[in-house]
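So you can see what is in the structure, the chains are spelled out below.
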Amino acid sequence: MMKFHIRTAAALAVASTVLAFTGQSHATVFAAWQVANVPFGDTLNARKYPSGESQKQAAYPNGTVLQMTGKCTGGINLLDIAGQPHWRQEQKIRYRWCEIWHDPAQNGHFVTGWVYGKYITPY
């Protein structure tokens with residue numbers, strides 16, 4: 001039960017921060033997903049464009065909650081698949097890049113970036 005309250009508080013904190021900055025974004029709705037399945041000692045790279053060769057913006061460890069814009073490569077929208085079981089959502093985006101809304105420099109300057117779907121799961 002304690003873990004549930006901590007996760008809920010973290011999600012609300014992230015959502016509040018995102019809502020404070022939504023006027024600066026072209027995205028209007030966000031979906032919360034978290035970093036998962038990254039090998040021990042490694043992190044998930046957020047990149048400027050949907051490519052492993054693109055500039056790295058930030059790195060996030062397992063468990064980090066990410067605010068997704070909903071947009072993934074291949075025309076997949078996370079909000080459209082949100083009602084499906086988690087395993088099916090993960091399957092649909094496994095080999096796709098998905099767009100996030102984040103503050104890589106932690107200075108209040110939020111930007112979009114891209115993460116590889118193999119390493120995220122619905123929150």
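Treat the numbers as computed from the prediction; the structure is a model and nothing was measured. (Residues numbered from 1 in each chain as written. Predicted model: local features only at pLDDT ≥ 70, side-chain atom pairs only at ≥ 80, totals over all residues. Heavy atoms only, no water.)

What follows covers the overall build of the chain. Within the chain, the regular secondary structure consists of two helices and eight strands. Order of helices (α) and strands (β) in the chain, N terminus to C terminus: α-β-β-β-β-β-α-β-β-β. Within the span of the chain, comprising 123 residues, buried residues form 36% of the whole. In the chain, 64% of the contacts between residues at least 6 apart in sequence involve partners at least 24 apart. Carbon and sulfur atoms provide 54% of the accessible area of the chain, an area that totals close to 7300 Å². (Helix = DSSP H or I, 4+ residues; strand = E, 2+ residues; numbered from the N terminus. Buried < 20%, exposed > 50% of the residue type's maximum accessible area, 1.4 Å probe, protein only. Contact = heavy atoms within 4.5 Å. Areas by Shrake-Rupley, 256 points an atom, 1.4 Å probe, with all protein chains shown as cover.)

This part is about the pairing of strand S6 (residues 97-102). Where burial is concerned, most of S6 is hidden: six out of the six residues are buried. Because side chains alternate across S6, one face comprises the buried residues Trp 97, Glu 99 and Trp 101, and the other comprises Cys 98, Ile 100 and His 102, equally buried. In this sheet, S6 lies alongside strand S4 (residues 65-72) in antiparallel orientation, the contact comprising two bridges. For Cys 72, the partnering residue across the bridge sits in S6 and is Cys 98. Of the strand pairs in this sheet, S6 and strand S7 (residues 111-116) are connected by six bridges, and their pairing is antiparallel. (Pairing = 2+ DSSP bridges.)

A separate point is the confidence of the model for the chain. Per-chain confidence: the chain averages 84 in pLDDT, with 76% of residues scoring 70 or above. Segment residues 4-27: pLDDT under 50, and 22 contacts once partners within four positions in sequence are set aside and those in other chains are kept. (pLDDT = per-residue confidence, 0-100.)

Before going further, it helps to spend a moment on the environment of Ala 82. With respect to the helices and strands, Ala 82 occurs in the loop between strand S5 (76-77) and helix H2 (86-93). For Ala 82, a relative accessible area of 45% gives the class partly exposed.

As a further point, take the nonpolar core. By size, the foremost hydrophobic cluster in this structure holds 19 residues, and its most contacted members are Leu 66, Met 68, Ile 93, Val 115 and Ile 120. When residues of this core are traced back to their parent elements, those giving at least two are strand S1 (31-35), strand S2 (44-47), strand S3 (56-60), S4 and S6. In this structure Val 115 touches Leu 44, Asn 45, Ala 46, Leu 66, Met 68, Arg 96, Trp 97, Cys 98, Ile 100 and Ile 120, once residues within four positions along its chain are discounted. (Core = buried A, V, L, I, M, F, W, Y, C linked by side-chain atoms within 4.5 Å.)

One pass over the structure, following the stated rule, counts one disulfide. At a sulfur-sulfur separation of 2.1 Å, the disulfide partner of Cys 72 is Cys 98. On the sign convention where negative is left-handed, the bridge of Cys 72 and Cys 98, at about 105° about the S-S bond, is right-handed. Remark: Cys 98 occurs in strand S6 and Cys 72 occurs in strand S4; sequence separation between them is 26 residues. Each member of the pair, Cys 72 as well as Cys 98, is classed as buried. (Disulfide = S-S within 2.5 Å.)

This next bit is on the packing of aromatic side chains. In this structure the tally under the stated criterion is three aromatic pairs. Clustering of aromatic rings is evident, with ring pairs tying together Phe 30, Trp 101 and Phe 110. (Phe/Tyr/Trp six-rings, centres within 6.5 Å; stacked < 30°, edge-to-face > 60°.)

As for its placement among the helices and strands, Thr 69 is situated in strand S4. As a C-alpha pair, Thr 69 and Thr 112 span 43 residues in sequence and 8.3 Å in three-dimensional space. Only 3.4 Å separates the side chain of Thr 69 from the backbone nitrogen of Lys 71, close enough to count as a polar contact. Here the side chain of Thr 69 touches Glu 99 through a polar contact of 2.8 Å, side chain to side chain. (Polar contact = N/O pair within 3.5 Å; in protein donor to acceptor, adjacent residues only side chain to side chain.)

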